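# Report on the structure
Listed below, chain by chain, are the residues.
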Amino acid sequence: MHQSIIEPITTLRKKKHTALDSLFRYAEILRFGEFHVRFDPATGLRAIIAIHNLKRGPAIGGCRFIHYPSVDSAIEDSLRLAYMMSFKAAITNLAHGGAKAVLIKPKVIRDRRAYLEAYADFVHELGGRYITAMDSGTTLEDMDIISTRTPYVTCTSRSGFAHDPSPHTAHGVRRGIEAAVRFHLNKNSLEGLHVTIQGVGHVGYFLAKELHELGVRLTICDVNPLNVQRCVDAFGVSVVEPDEIYAVKADVFAPCALGATLNRQTVAHLPVSIVAGSANNQLAHHRYGELLRERGILYAPDFVINAGGLIYVAAIYDHADVMIATEQVGNIYGILMEIFMRAQQQGLPTHAVAEHMAREKLY
Ligand code: NAD
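Residues numbered from 1 in each chain as written. Predicted model: local features only at pLDDT ≥ 70, side-chain atom pairs only at ≥ 80, totals over all residues. Heavy atoms only, no water.

### Section: the sheet that holds strand 5 (residues 130-134)
The strand order 1-2-4-3-5 describes an open sheet built from five strands, whose pairing is mixed. Bordering the open sheet on either side are strand 1 (34-40) and strand 5, each of which pairs with just one other strand. Ignoring strand direction, the axes of neighbouring strands in this sheet form an average angle of 20 degrees. (Pairing = 2+ DSSP bridges. Helix = DSSP H or I, 4+ residues; strand = E, 2+ residues; numbered from the N terminus. Axes fitted to C-alpha atoms, helices over the stretch in contact; angles between N-to-C directions.)

### Some words on the packing of aromatic side chains
Evaluated as defined, the whole model comprises seven aromatic pairs. Measuring from ring centre to ring centre gives 4.8 Å for tyrosine 83 and phenylalanine 87, while their planes differ by 55 degrees; the resulting arrangement is tilted. On the criterion of helical spacing, the pair formed by tyrosine 83 and phenylalanine 87 is a turn pair, its members being four residues apart in helix 2 (residues 71-91). Take tyrosine 83: its relative accessible area is 3%, and that puts it in the buried class. Under the relative-accessibility criterion, phenylalanine 87 is labelled buried at 0%. A ring pair is formed by phenylalanine 87 and phenylalanine 303, whose centres lie 5.8 Å apart and whose planes are at 80 degrees; its orientation type is edge-to-face. Here phenylalanine 87, found in helix 2, pairs with phenylalanine 303, found in helix 10 (residues 302-305); they are 216 residues apart in sequence, far enough to count as distant. Like phenylalanine 87, the residue phenylalanine 303 is buried in the burial classification. Among the aromatic side chains, those forming a connected cluster through ring pairs are Tyr83, Phe87 and Phe303. Its guanidinium or amino end placed over the ring of phenylalanine 65, lysine 105 lies 5.4 Å from that ring's centre, counting from NZ or CZ. (Phe/Tyr/Trp six-rings, centres within 6.5 Å; stacked < 30°, edge-to-face > 60°. Buried < 20%, exposed > 50% of the residue type's maximum accessible area, 1.4 Å probe, protein only. Lys NZ or Arg CZ within 6 Å of the ring centre and 35° of its normal.)

### Some remarks on the pattern of salt bridges
Applying the stated rule across the entire model yields 16 salt bridges. Salt-bridge contacts for aspartate 142 lead to arginine 112; the nearest nitrogen and oxygen are separated by 2.4 Å. Note that aspartate 142 is positioned in helix 4 (residues 140-147) and arginine 112 in helix 3 (residues 112-125), a separation of 30 residues in sequence. Aspartate 142 sits in the buried class, given a relative accessible area of 3%. Here glutamate 178 and arginine 174 are joined by a salt bridge, their closest N and O atoms 3.1 Å apart. On the criterion of helical spacing, the pair formed by glutamate 178 and arginine 174 is a turn pair, its members being four residues apart in helix 5 (residues 166-185). Here glutamate 178 matches arginine 174 in class, with each residue buried. Three or more residues are tied together by salt bridges with common partners; here these are Arg64, Asp77, Lys100 and Asp135. (Salt bridge = Lys/Arg side-chain N within 4 Å of Asp/Glu carboxyl O.)

See the structure below:
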């Protein structure tokens, strides 16, 4: 049985199952490799490292440091995200597997350095099977602390690269939009097209910048007025309220904020030709990928089009030439073209084809 990458793991859980029952059930269905847990009473560290797959090389993935309502939800987050990282690495041909670390944030941390050192020792004990990186709640400074105890970390200030992967993610999304426009609208240039961007934070801002430079007409929305203003000042974009973005007629809709925005309410009426953005888990359910296809809307699968950041952090860790990494991010164009063509030939939704192609490289 294959669990679709977009299905929440909670849909598989039976009410009477404990967290451990669920864990082994997910592990089997998602074909997990390893799951490690560490509790350190001295610092309060409660850490999970989920390693999905090592076939292609050491597993790489960010370290989340956020509050969770329950240990169950932290487990679910680690498994689901690690699974997606494997797919991202495989589809973009990286010599890495997928993993994710989750640090369950306590109400109070007495000593953040000691806490992170305990986490670093945990990472080190895995002997390089897992390489940690920045994610929600962790910073460049945190990665620097971790690097004093283990070499299995990327995105440190010592790497000599800019630590923010967002511009690379945005560049990958731009290349993905170019591929979708070429395939679906038969156009070689984005000039004069209308793109709507939902969320102009780290990725959305850099995407707006690249598209503006290519002569694209932009309409944006964001719940943060400062982020909206920054784009208005820099690129002269049009602005709508967050709940109006789904009604704006455009060539491309680029979701760059939240997950599950392609759902029952939105997909049936979305007045666009293409959906191509950076957000993770865009489809609330796989049936909406099918519905997009039925409506003639081309969907660029999220874990492919948003892989630019992962490609970049992997390149930093592997001491690869940054030019090669940029070229690899650009190749998202070619990977998506292949997915679009196969989907057309096989009469399947693009996300199903992309998941199948990633699985072929993983197992
Ligand atoms: P971010 O937090 O910097 O930006 C998200 C933006 O969306 C913020 O400006 C926020 O105010 C806005 N937002 C939140 N709710 C909104 C709503 N209802 N309507 C409109 N705007 C809303 O995050 P980011 O790093 O730019 O990432 C954006 C998305 O891309 C996320 O889903 C993330 O998981 C995914 N992603 C990011 C990267 C990366 O390199 N940063 C890589 C892969 C995937």
